[in-house]
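Residue-level listing of the chains:
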Amino acid sequence: MKNLSLLFATFLMTQQAFAQTCFSSEINPRTNKIFASEEVYQSTVADWLSREPRHPGLFDLYAAYGVYKNEQSVAQSLGNDKRAHCYMGCRITQRTNYETTEYVGWLKEDRDIKDCKKGTRFEYADFDATVVGGQKGQSEVDAEGCIAVCKRNY
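This is a predicted model, so every value here is computed, not measured. (Residues numbered from 1 in each chain as written. Predicted model: local features only at pLDDT ≥ 70, side-chain atom pairs only at ≥ 80, totals over all residues. Heavy atoms only, no water.)

Caption draft 1: Layout of the confidence of the model for the protein chain. On average, residues of the protein chain score 89 in pLDDT, and 86% of them are at 70 or above. Confidence drops under pLDDT 50 across residues 6-12; counting only partners more than four residues distant or on other chains, this segment forms seven contacts. (pLDDT = per-residue confidence, 0-100. Contact = heavy atoms within 4.5 Å.)

Caption draft 2: Just the layout of surface pockets, in detail. Size it by volume and the largest pocket reaches roughly 1000 Å³. Considering every element that reaches the lining of the largest pocket, the biggest residue donor is helix α3 (residues 58-76), with 10 residues. When its residues are assigned to classes, the lining of the largest pocket shows 17 nonpolar, nine polar and nine charged. (1 Å grid on protein atoms, 1.4 Å probe; cavity = no way out; pocket = protein on both sides within 12 Å on 5 of 7 lines; lining within 4 Å. Points joined across faces, edges and corners; volume = space filled by probe spheres on them. Helix = DSSP H or I, 4+ residues; strand = E, 2+ residues; numbered from the N terminus. Nonpolar A, V, L, I, M, F, W, Y, C, P; charged D, E, K, R; others polar.)

Caption draft 3: Expanded view of the environment of H55. Within the fold, H55 resides in the loop between α2 (38-50) and α3. Its relative accessible area of 36% is what places H55 among the partly exposed residues. Considering only alpha carbons, one finds H55 and V104, 49 residues apart in sequence, at a separation of 9.0 Å. One polar contact links H55 to E52, side chain to side chain, over a distance of 2.5 Å. (Buried < 20%, exposed > 50% of the residue type's maximum accessible area, 1.4 Å probe, protein only. Polar contact = N/O pair within 3.5 Å; in protein donor to acceptor, adjacent residues only side chain to side chain.)

Caption draft 4: Spotlight on the side chain of R83. Considering the arrangement of structural elements, one finds R83 in helix α4 (residues 81-95). Buried R83, no salt bridge; nearest opposite-charge side chain is D81, N-O distance 11 Å. Engagement of the side chain of R83 in a polar contact is seen with the backbone oxygen of L78, the distance being 2.8 Å. Look past the residues within four positions of R83 in its chain and what remains in contact with it is L78, C150, K151 and Y154. (Lys, Arg positive; Asp, Glu negative; His and termini not counted. Salt bridge = Lys/Arg side-chain N within 4 Å of Asp/Glu carboxyl O.)

Now the structure itself:
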């Protein structure tokens, strides 16, 4: 278990190191254009890092990944990106807990802003949609309930 924790910590540090090289290929969520400067990019990354939620346990993260793999096609079929984020949040909460959903939603956007790819856009609204779905997942009992809630909200 210690080796797995060390591997995870190393991965996170590597992701943070990427943040120093991506400003010229990442899209600023406030302007929808490439970041104008490394300073603006770093400020956005620092703001996002300051919002990092509590880390869930590894078993919950593993379960969340399983939900993602199993539900990805359903989420993509829902018609828009925010609905997909909402649905994933709802389903992950149903399988694990809200705290795991909040962290996974945050981590997904953290990776998006640090991966140096224009196609994986960092958006505060994506995180918000995941959180809404996660909150709704505490009271919905199945996938159909998640779909209905997310269609009403997005």
